[in-house]
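These are the residues of each chain, in order.
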Amino acid sequence: MNLSIRKIILSAINLLAGLALLLGLFFNYFYLSGSSAGVLINGSPINFDLAVIEPLLHENGFSMLDGKSTALLALYGENATAYETVQWLATLMSNVSLLALVLAVGCVGCSVASLFVNDKVSKILAWISSALALTGALFVFTAGLISSGYLNEALKMLFDSKYPSANAQTQADITNALSVIKFNTATFWVMIIVSLFFIAQVLFETLKPLKTVVVSQKQAYVPVTSSPSAPVTAVAPTPTAPQNTPIQTQTKDKKAGETPMPTSTQAPVTPEKNTENLSELQKEQAILELLPKYKKLMDEGIITPEEYEKKKNMLLWDE
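Quantities reported herein were computed from a predicted structural model and do not represent experimental measurements.

A. Seen up close, the pattern of salt bridges. This model, assessed by the stated rule, comprises five salt bridges. In this structure, R6 engages E205 in a salt bridge whose closest nitrogen and oxygen atoms are separated by 3.3 Å. Within this pair, whereas R6 is found in helix α1 (residues 5-24), its partner E205 is found in helix α7 (residues 187-220), the two being separated by 199 residues in sequence. Each member of the pair, R6 as well as E205, is classed as buried. Between E309 and K312 there is a salt bridge, and its shortest N-O distance comes to 3.3 Å.

The following block contains the structure:
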């Protein structure tokens, strides 16, 4: 398993997003703001206690998996026919809660699995995980807005049913009461938290390559200093003898078996064989080998014809 800092960070972001969506299903979807205390209609307190509804507002994702709504039952509990008309709302919230539960589990699973795969697959799973969490939060938030809006309409219908002969003053009092006592949704908190995790992932994936590009551009302007290398030894050119220049060769008598001393002259030097103690046949072979070499030196202009003739006479006539 090849774990990297990038994998761990992305997995942690998506894991927290999935857990936020999952924990969001435990909290109440709705709450009733305001209180019936001090609310007057036609100068008198309202003739029903809305505090009865408040304890029943325990709507959350897990409580609504059965397809029932305690808030709707509280509003329409006395009228079975009216409740049937809003049964679709309870079904909607139940299905959304089930979908959010599945997406939250999928998000957590993908975030954990991204740690055990290669980098390419891990990146794909990270985006899938964040998309699942964001989709689940969006569904819950949308369903919460729809449901809370419909519950406020149901609350208005309840007020109207309590005051069937409402005049203009009564209608104004009901409107003022509904501005104080109304249903609200808390699902936006789940949406905000999951969105923050999604933004964190986008920034992490975006700023990391950007940082690499900036560093590369800075490095492009840094002067490169070469490390000290071994000193280079200059090789002096080998002196060559100018053409048509006579070469002064020093001929010394060498004893038999004496090893010639090396010379520092770079001009080609033809080794002269000592023929003093050689047989006549060996002398002839030596002469036959040396003559072509002197001839080649003359043809190349290294020695003059006069020097060549002198060398030839020395070999042939032992001058």
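B. Main features of helix α6 (residues 168-180). End to end, α6 covers 19 Å across 13 residues, agreeing with the expected 18 Å (1.5 Å per residue, within 8%). Those residues of α6 lying buried are T170, D173, I174, A177 and L178. Looking down the long axis of α6, one finds its buried residues gathered within 135 degrees of arc, a one-sided arrangement. In α6, the exposed positions that point more than 90 degrees away from the buried face belong to A168 and T175. Along its buried surface, α6 packs onto β2 (40-41), α5 (119-162) and β4 (182-185). You can read the cap of α6 off the contacts: a side-chain oxygen lies 3.2 Å from the backbone nitrogen of Q169, and it is on N167.

C. Molecular detail of the packing of α1 against helix α4 (residues 87-113). At a minimum axis distance of 8 Å, the contact between α1 and α4 shows a crossing angle of 160 degrees. Taken together, the axes of α1 and α4 lie roughly antiparallel to each other. Two packed elements cross with a definite hand, and for α1 against α4 that hand is left-handed. On α4, the residues touching S11, N14, L15, A17, G18, L19, L21 and L22 of α1 are A100, L101, L103, A104, C107, V108, S111 and V112. Residues that form the contact of α1 with α4 fall into these classes: twelve nonpolar, four polar and no charged.

D. Expanded view of helix α9 (residues 305-317). Look at α9: 18 Å from first C-alpha to last across 13 residues, which is about the 18 Å you get at 1.5 Å a residue. Of the positions making up α9, those classed as buried are E307, Y308, K311 and L315. Viewed along the axis of α9, the buried residues span an arc of 105 degrees, placing them on a single side of the element. For α9, the exposed residues lying more than 90 degrees away from the buried face are E306, K310 and W317. Packing partners of the buried residues in α9 comprise α8 (280-299).

E. Expanded view of the environment of F62. Mapped onto the elements of the fold, F62 is located in the loop between β3 (44-45) and α2 (70-76). Placed 39 residues apart in sequence, F62 and L101 show a C-alpha to C-alpha distance of 8.7 Å. In this structure F62 touches L22, L25, F26 and L101, once residues within four positions along its chain are discounted.

F. Representation of a nonpolar patch on the surface. Together, W189, I192, L196, I199, L203 and L207 make up an exposed nonpolar region whose accessible area comes to about 610 Å². Position of L203 relative to the elements: it lies in helix α7. Using a relative accessible area of 45% as the deciding quantity, one classes L203 as partly exposed.

G. Highlighting the nonpolar core. Counting residues in each nonpolar core, the largest one holds 46 residues, and the members touching the most others are L21, L72, L75, Y76, L155, F159 and F183. Sorting the residues of this core by element identifies α1, β1 (30-33), α2, α3 (80-85), α4, α5, α6 and α7 as the ones contributing at least two each. The biggest single contributor to this core is α5, with nine residues. The residues contacting L75, other than those within four sequence positions of it, are I53, L151, A154, L155, L158 and F183. Judged by nonpolar contacts, the second largest core, of nine residues, contains I287, Y294, I303 and L315.

H. Region of the structure containing the confidence of the model for the protein. Residues of the protein with pLDDT of at least 70 account for 72%, and the chain-wide mean is 76. Averaged pLDDT values for the elements of the protein fall to 72 in α3 and rise to 93 in α1. Contacts for the low-pLDDT stretch residues 211-237, under 50 throughout, to residues beyond four places or in other chains number zero contacts. Throughout residues 240-259 the model reports pLDDT below 50, and contacts reaching past four residues in sequence, or to other chains, amount to 16 contacts.

I. Broad picture of the packing of α1 against α5. In the contact formed by α1 and α5, the axes pass within 9 Å of each other and the chain directions differ by 20 degrees. Here α1 is positioned roughly parallel relative to α5, judged by the angle of their axes. The crossing of α1 and α5 is left-handed. Here R6, K7, L10, N14, A17, G18 and L21 of α1 lie close against α5, whose contacting residues are D119, S122, K123, A126, S129, S130, L132, A133, G136 and A137.

What counts and how
- Residues numbered from 1 in each chain as written.
- Predicted model: local features only at pLDDT ≥ 70, side-chain atom pairs only at ≥ 80, totals over all residues.
- Heavy atoms only, no water.
- Salt bridge = Lys/Arg side-chain N within 4 Å of Asp/Glu carboxyl O.
- Helix = DSSP H or I, 4+ residues; strand = E, 2+ residues; numbered from the N terminus.
- Buried < 20%, exposed > 50% of the residue type's maximum accessible area, 1.4 Å probe, protein only.
- Expected span 1.5 Å × (residues − 1).
- Arc of directions from axis to C-beta.
- Contact = heavy atoms within 4.5 Å.
- Polar contact = N/O pair within 3.5 Å; in protein donor to acceptor, adjacent residues only side chain to side chain.
- Axes fitted to C-alpha atoms, helices over the stretch in contact; angles between N-to-C directions.
- Parallel < 35°, antiparallel > 145°, perpendicular 65-115°, else oblique.
- Left-handed = near helix turned anticlockwise from the far one by under 90°.
- Nonpolar A, V, L, I, M, F, W, Y, C, P; charged D, E, K, R; others polar.
- Patch = residues over 30% accessible without salt bridge, like charges linked within 9 Å, V, L, I, M, F, W, Y side chains within 5 Å.
- Areas by Shrake-Rupley, 256 points an atom, 1.4 Å probe, with all protein chains shown as cover.
- Core = buried A, V, L, I, M, F, W, Y, C linked by side-chain atoms within 4.5 Å.
- pLDDT = per-residue confidence, 0-100.

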